[in-house]
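Examining the three-dimensional arrangement
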Amino acid sequence: MTTISADAFTTSADGTRIAYDLTGPTPGLAPAIVVVDGVLAHRLPVTLAVASELGDRATTLRYDRRGRGGSGNTPPYSVDREVDDIAALLEVTGPAALLGISSGAFLALRAAADLGAWVTGVLCYEPTYDVASGEPPADPRMIAGVEACIEVGDPGSAVELFLDVVGMPCRLLPRMRASASWADLEAMAETIAHDGRILAGVALGRRALMGRWDVITQPVLVADGTASPATVAAAAESLAAALPAARRVTLPGQGTDVPPEAMAEAVARLLGISR
C-alpha cells in the first residue's frame, strides 16, 4: 500500500480550504473512491482501515467535510457548496466513485446528480431516510434547533439535541459528555444543521433529489447489514427501488459498526476490482 499524502488541501469554488488524505496508487493509476462521511464524522479510523484493505487496488481519498477537522467553513452554508467541495476533490483524483455513509449517502447522490460523469458510481451504506415513507426528510430540530443553539454559543446543547433526535437514551448523556470525543463533537456541532439541510433537500425545494432520480444513471450499490436496524433496511430498500441503476446488497452479520474488510469488499464490488 502506498500512502500518498497524510494531510493535504484543495480549494473549493468559494475559496474554502478542504483537508484530505490519499491512500493507494497515484491518482489515475487505479480506480478511485472518495469517502463522504455522515453527520458528526470526519476521516474515521474505520475508513482508514478500509483504505488499507483496498491497498494498491484503489486510490482512496478521505476528506473533512466543511466545518469539520482541518477544513474551513465559509458562510453562508448551502448544499451546493458541499457539492463544489466534492468537485474540487475530484480534480485531485480524476473521475471517481463515492462512498456515502449514513446521511453522507444523500450528499453523494446529490453530487452524482450534479457532477455527471465525474462521479463513476456511488456506494450508499446505511442511508438514513426512507424515501417512500412520505415522512419529513429531516427533524426540524436538526436545522432550526441546532442553529439556535449555535447562535447563542452553546454547541453542547446542539449535540444533545441531535442525540435526542436520533433516540439516544437520556441516561447515557452524562457518559457521552465525559467521553474524550465530546469536545470534537462540540467543534462539529454547527455541521449537524448541514446534514439536516442535505436530508431536507431529498424531498423539498426546486432541486429536490426525489424529482431527479432519473439523472443518477451511474451504478449505485445500496448496502446495509443483517444487523442494521429495521428502519435502515427499509430506507435502503426504498432508495434502491427509486434509483434507475441501483443494486441492493446486505452484508451478513454486519451493521453500523461494519468491519473494514466487509466495507472494502463492497467498495471493490462497486469499482469492479478483484480481491
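Here, every reference points to the structure presented above.
To start, this report covers the structure provided alongside it. (Residues numbered from 1 in each chain as written. Predicted model: local features only at pLDDT ≥ 70, side-chain atom pairs only at ≥ 80, totals over all residues. Heavy atoms only, no water.)

Comments concerning the nonpolar core
Put simply, the rule is: The term nonpolar core refers to a set of buried residues drawn from Ala, Val, Leu, Ile, Met, Phe, Trp, Tyr and Cys, joined through side-chain atoms within 4.5 Å. A simple rule labels every residue: compare its accessible area, found with a 1.4 Å probe on the protein chains alone, to the largest value its type can have, and call it buried under 20%, exposed over 50%, or partly exposed in between. For helices the rule is a DSSP run of H or I covering at least 4 residues; for strands it is a run of E covering at least 2, with both sets numbered from the N terminus onward. Whether two residues are in contact is decided by their heavy atoms: any pair within 4.5 Å suffices.
Residues Tyr63, Ile86, Phe106, Leu109, Trp213, Ile216 and Leu239 are the most contacted members of the largest nonpolar core, which totals 61 residues. Residue contributions to this core peak at 9 residues, all from helix H3 (residues 104-115). Discounting residues that sit within four places of it in the chain, Phe106 has contacts with Pro127, Thr128, Tyr129, Val131, Ile198, Leu199, Val202, Leu209 and Leu239. Core analysis: the next-biggest nonpolar cluster, separate from the first, contains 24 residues, Ala58, Tyr125, Val249 and Ala262 among them.

Observations regarding helix H4 (residues 144-151)
Worth spelling out the cut-off: Directions pointing from the helix axis toward each C-beta atom define the arc.
Those residues of H4 not exposed but buried are Gly145, Val146 and Cys149. Looking straight down H4, one finds its buried side chains confined to an arc of 100 degrees; they lie on one side. Seen from the open side of H4, the exposed residues pointing more than 90 degrees away from its buried face are Ala144 and Glu151. Its buried side turned inward, H4 meets helix H5 (155-165) and helix H8 (192-203). Just downstream of H4 lies Gly153, where phi reads positive at about 75 degrees.

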